[in-house]
Amino acid sequence: FILYNKDLLGADSSGELIRQLANDEDRNVRRAIANNKALLDADPEGEIIRQLASDEDFSVRASIAKREDLLDVDPELIIHLASDEDRNVRVSTAYREDLLTVDPSGELIRQLANDKYGNIRSIIARKKELLDLDPELIILLASDEDFSVRASIATREDLLDADPSGELIRKLASDEDSNVR
């Protein structure tokens with residue numbers, strides 16, 4: 001319960017207690033540290049965040065992937081987490097709003113758009129920046145094997161911008177799955 005005490009970081013000016021808890025054998029303790037919004041205040045260099053980004057437990061890594069301050073610590077961590085072996089970590093990374101900031105070339109978004117798990121491709125399919133990045137990516141995802149990805153594309157309001165001919169909208173309107181139509 002001490003992990004959830006808002007005064008924990010204030011009582012640990014040296015950061016030693018936080019380091020100890022970040023190395024705890026219980027993943028729930030490490031995950032609580034990973035979720036602590038003031039962690040970077042206790043560890044300004046981001047050493048603990050870097051350590052937890054490579055934790056053995058996926059839920060700890062997924063918690064790190066959700067941190068709003070991760071870009072301030074090290075953009076490479078976001079790239080690393082986007083390639084994580086566990087899909088839950090990649091899902092958490094796909095939800096980030098700063099993927100183009102991390103990788104202006106868009107390769108990171110393209111990588112996630114080609115992930116083997118449909119829920120990750122579906123998250124990417126809903127990203128507003130897809131049109132500016134690559135309209136062809138929208139067209140590609142509209143033909144995805146997973147109906148949830150196609151449905152995510154169907155909800156976009158910029159389909160005519162991606163394909164001014166309207167063919168994409170007609171294609172989605174006649175999709176085999178009623179969740180897309």
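What you are looking at is a predicted structure, and each value in this text was computed from that prediction instead of being measured. (Residues numbered from 1 in each chain as written. Predicted model: local features only at pLDDT ≥ 70, side-chain atom pairs only at ≥ 80, totals over all residues. Heavy atoms only, no water.)

A. Fine view of the overall build of the protein chain. The helix and strand inventory of the protein chain stands at 16 helices and 0 strands. Projected onto its principal axes, the C-alpha coordinates of the protein chain cover approximately 60 × 30 × 25 Å. The buried share among the 181 residues of the protein chain stands at 51%. In the protein chain, once contacts between residues fewer than 6 apart in sequence are set aside, the share between residues at least 24 apart is 58%. (Helix = DSSP H or I, 4+ residues; strand = E, 2+ residues; numbered from the N terminus. Buried < 20%, exposed > 50% of the residue type's maximum accessible area, 1.4 Å probe, protein only. Contact = heavy atoms within 4.5 Å.)

B. Expanded view of the environment of Asp115. Along the chain, Asp115 turns up in the loop between helix H10 (107–113) and helix H11 (118–125). Using a relative accessible area of 10% as the deciding quantity, one classes Asp115 as buried. With 75 residues separating them along the chain, Asp115 and Leu40 place their C-alpha atoms 30 Å apart. When neighbours within four sequence positions are excluded, Asp115 is seen to be in contact with Arg90, Ile120 and Arg121. Engagement of the side chain of Asp115 in a polar contact is seen with the side chain of Arg90, the distance being 2.5 Å. (Polar contact = N/O pair within 3.5 Å; in protein donor to acceptor, adjacent residues only side chain to side chain.)

C. Highlighting H11. Counting buried positions along H11 gives 7 out of 8 residues, so the element sits mostly inside the fold. Looking only at H11, the buried set comprises Gly118, Ile120, Arg121, Ser122, Ile123, Ile124 and Ala125. At its buried positions, H11 is contacted by helix H8 (87–94), helix H9 (99–102), H10, helix H12 (130–133), helix H13 (135–141) and helix H14 (147–154).

D. View of the pattern of salt bridges. Under the definition given, this model contains 13 salt bridges. Arg110 is the salt-bridge partner of Asp134, the closest N and O atoms lying 3.8 Å from each other. Pair noted here: Asp134 is in the loop between H12 and H13 and Arg110 is in helix H10, with a separation of 24 residues, a long-range link. A single salt-bridge network, built from bridges that share partners, covers Glu107, Arg110 and Asp134. (Salt bridge = Lys/Arg side-chain N within 4 Å of Asp/Glu carboxyl O.)

E. Spotlight on the side chain of Arg90. When you line up the elements, Arg90 lands in helix H8. Every residue in contact with Arg90, bar those within four places of it in the chain, is listed here: Leu81, Ala82, Ser83, Asp84, Glu85, Leu112, Asp115, Lys116, Tyr117 and Ile120.

F. Broad picture of the environment of Asp55. The residue Asp55 is located in the loop between helix H4 (47–52) and helix H5 (58–65) in this model. On the basis of relative accessible area, Asp55 is assigned to the buried category, the value being 10%. In this view, Asp55 contacts Arg30, Val60 and Arg61; residues no more than four positions away in its chain are not counted. Engagement of the side chain of Asp55 in a polar contact is seen with the side chain of Arg30, the distance being 2.6 Å.

G. Main features of the environment of Asn119. Tracing the backbone shows Asn119 in helix H11. The partly exposed category is assigned to Asn119, whose relative accessible area is 39%. Considering only alpha carbons, one finds Asn119 and Asp146, 27 residues apart in sequence, at a separation of 8.7 Å.

H. Structural view of the packing of helix H2 (residues 27–35) against H5. Direction vectors running N to C along H2 and H5 enclose 5°, while the axes themselves pass 8 Å from each other. With respect to their mutual orientation, H2 and H5 come out roughly parallel. Seen from H2, the contacting residues are Arg27, Arg30, Arg31, Ala34 and Asn35; seen from H5, they are Ser59, Val60, Ser63 and Ile64. (Axes fitted to C-alpha atoms, helices over the stretch in contact; angles between N-to-C directions. Parallel < 35°, antiparallel > 145°, perpendicular 65-115°, else oblique.)

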